[in-house]
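# Geometric and topological summary
What follows is the residue order along each chain.
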Amino acid sequence: MKLSKYSGILLLIGFIAAMTACEDETTTIGSSITTGEVTINVDTFYFNLQGKAVPISSFDSKTGNLMIGSINTSEYGSLNCSFVTRLMCVPKLDVADSLLSIDRVDSCKLILGAERSDIVGDSLAPQKLSVYTLTKQLPSDINNLFNPEGYYDPANPLASKSYTLSEISRTDSAFYNNSFVDLSVDLPVSFGKEIFKKYITDPEIFQWPQTMAENFLPGLYVKSTFGKGCVANIVSAYIAVFYYNLEKTTTIQDSDTIVSQTHVGNVTFPFTVSPEVLSSNNINYKPSQPVIDKNALEDGQVVITTPGGYISSYIFPAAPLIERYKEKNSHLSTVNELFLYIPAEAFDSSSGISVAENLLMVKSSEYENFFANNKTPDNKTSFTGVYDPINERYYFTTMRSYFLDLLDKDEITQEDLEFTIIPVEIETETQSSYYSNPTTYVKKCVPYTSKPTMTLLKTDEAMVTFSFSTQVIE
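Bear in mind that the values here come from a model prediction, so they are computed numbers and not experimental data. (Residues numbered from 1 in each chain as written. Predicted model: local features only at pLDDT ≥ 70, side-chain atom pairs only at ≥ 80, totals over all residues. Heavy atoms only, no water.)

For lysine 380, the location among the structural elements is in the loop between helix H6 (367-372) and strand E19 (382-388). By relative accessible area, which is 39% here, lysine 380 ends up partly exposed. Taking the C-alpha atoms as reference, lysine 380 lies 5.3 Å from serine 401; in sequence the two are 21 residues apart. Apart from the residues lying within four places of it in its own chain, the contact partners of lysine 380 are Ser401, Tyr402 and Asp405. (Helix = DSSP H or I, 4+ residues; strand = E, 2+ residues; numbered from the N terminus. Buried < 20%, exposed > 50% of the residue type's maximum accessible area, 1.4 Å probe, protein only. Contact = heavy atoms within 4.5 Å.)

This brings us to helix H7 (residues 400-408). Taken together, the buried positions of H7 are Tyr402, Phe403, Leu406 and Leu407. For H7, the buried positions fall inside an angular range of 145° around the axis, keeping them on one side. (Arc of directions from axis to C-beta.)

Turning next to the pattern of salt bridges. In total, this model carries 10 salt bridges according to the counting rule given. In this structure, the salt-bridge partner of aspartate 60 is lysine 62, at a minimum N-O distance of 3.2 Å. Taking the shortest distance from any N to any O, the salt bridge between lysine 198 and aspartate 202 comes out at 3.2 Å. One salt-bridge network, held together by shared partners, links Lys363, Lys409 and Asp416. (Salt bridge = Lys/Arg side-chain N within 4 Å of Asp/Glu carboxyl O.)

Within the secondary structure, threonine 465 is located in strand E24 (residues 462-473). When near neighbours in sequence (up to four residues on either side) are disregarded, threonine 465 contacts Asp43, Thr44, Glu337, Leu338, Phe339 and Tyr341.

Next up on the list: the confidence of the model for the protein. Note that predicted coordinates carrying low pLDDT should not be read in detail. Confidence in the prediction of the protein, expressed as mean pLDDT, is 83, and 81% of residues score 70 or more. The low-confidence segment residues 1-21 (pLDDT under 50) makes 50 contacts with residues lying over four places distant or belonging to another chain. (pLDDT = per-residue confidence, 0-100.)

A few words now on the packing of helix H5 (residues 318-327) against H7. Contact geometry for H5 and H7: axes closest at 11 Å, N-to-C directions at 75°. By the angle class used here, H5 and H7 are roughly perpendicular. When H5 is examined against H7, the residues Ala318, Leu321, Ile322 and Tyr325 are found in contact with a partner set consisting of Phe403, Leu406 and Leu407. Class assignment of the residues belonging to the contact of H5 with H7 gives a composition of seven nonpolar, no polar and no charged. (Axes fitted to C-alpha atoms, helices over the stretch in contact; angles between N-to-C directions. Parallel < 35°, antiparallel > 145°, perpendicular 65-115°, else oblique. Nonpolar A, V, L, I, M, F, W, Y, C, P; charged D, E, K, R; others polar.)

Note on placement: threonine 201 falls in helix H2 (residues 189-201). For threonine 201, a relative accessible area of 46% corresponds to the partly exposed category. Within polar-contact distance, the side chain of threonine 201 engages the side chain of aspartate 202 at 3.4 Å. (Polar contact = N/O pair within 3.5 Å; in protein donor to acceptor, adjacent residues only side chain to side chain.)

Right, let's talk about the nonpolar core for a bit. Counting residues in each nonpolar core, the largest one holds 43 residues, and the members touching the most others are Leu110, Leu129, Ile239 and Phe271. For this core, the element with the highest residue contribution is strand E12 (residues 229-253), accounting for seven residues. Apart from the residues lying within four places of it in its own chain, the contact partners of isoleucine 239 are Leu87, Cys108, Lys109, Leu110, Leu187, Phe191, Ile195, Leu220, Thr268, Phe269, Pro270 and Phe271. Counting residues in each nonpolar core, the second largest holds 38 residues, with Ile304, Leu340, Tyr387 and Tyr394 among its members. (Core = buried A, V, L, I, M, F, W, Y, C linked by side-chain atoms within 4.5 Å.)

It is a general feature of regular strands that their side chains alternate between the two faces of the sheet. Most of strand E5 (residues 77-85) sits inside the fold, with seven of its nine residues counted as buried. Strand direction decides the pairing type here: strand E4 (residues 66-73) and E5, joined by five bridges, are antiparallel. Within E5, the position partnered with asparagine 72 by the bridge is serine 78. From the end of E4 to the start of E5, which pair antiparallel, there are three residues. Here E5 runs beside strand E14 (residues 279-287); their pairing, made up of nine bridges, is antiparallel. What sits directly across from cysteine 81, in E14, is isoleucine 283. When E5 meets strand E11 (residues 220-226), the two strands line up antiparallel, connected through three bridges. Bridge pairing in E11 places threonine 85 opposite leucine 220. (Pairing = 2+ DSSP bridges.)

As a further point, take the environment of serine 401. The residue serine 401 is located in helix H7 in this model. Remark: the alpha-carbon pair of serine 401 and asparagine 379, spanning 22 residues in sequence, is separated by 6.9 Å. Those residues within four positions of serine 401 in sequence are excluded, and the remaining contacts are Asn379 and Lys380.

This is the structure in structure tokens:
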């Protein structure tokens, strides 16, 4: 195997400019089946990865999270969030046919559920939102820069709501232990009646969300219209229609029979937001001056932010590792493991905006296709990094397969070594059986949009642990 013309550059970065220390540990574990000895080599390298912050303007915002609200801080910047969404419909209302009457509808609400842990800012800050019905179908290639102009009538909001995201006004202490904050928006009674009417006259259109969107309601646009103090992640959204039925009661008083009727309230849920239907965040984020300080960026400051703003890129220092592996010149060498650690901390802890919990490190040449094709990390060209708050660093999943691929190449190019780092939201699934240990798989990996984060990556203090076995056959 030979290294390309980039090898000299990488060696220079790795040994002169980048590598500040190298710790070696060699263990002889005895003779093998054949004559000779097997040695396990464990090395720790410290690198300056020469990382850089990379601004991004557009990204995939169809993540399943719906953000609402605005914040404006001197450390983080200005963020304004709204969202558009289609609706999942039920094929048949959970209402007895005898009660399915337009006249029985007495109210209608849009109920938004925010996760308390994903509220950033002052939950007591007064805010206001407006709800609009969409007038035409959303485009499939929607992203965070989508402009809803022309998709709704700004002069005719369906409803408006002034609110705070605090339960402090509730008298029941149970609300303080609830992990969710519900935000109820009163919709016109006429809207609820129209829903009932459509289910009565055209029930077939609700057999599939697409036909409902085309023939009745293309979706909703929920817009933040006032307030600069708080942003919330909406994890549930559904429409509730309240109706009543009449219950007759008979009583006997002084030999007289008295018949009375009582209104008994009921509720049904015709529409909800679901992962099966299209929804997307409209995100307008302008980083503050400290984040985009050109002098700091030129000096190597690497700040990554969410939602959007800045991601990071760097060149993986493969040459020193390959050099170390080859210098043993044994008859048989086996790579055991290779891990990357990058120290990080909150950019400004006083702002209350924390670091990102998970990072995706993907080869820059595959960055766009990774999200466009709904891929998950394969530990070969893409890896997840989990933040360790005790040691204040990210540790990335094993890079062994990636390194083995490099060893097999006749020529290593910069495309093989350049990586992009971006905060992501990860969903995992663990499978287990009687015969094997539980195995955890990543089933979803999307750009992080649950809340604002701001992370200072210390790429100049990165650490790589590299272990391999060598055997000399006599």
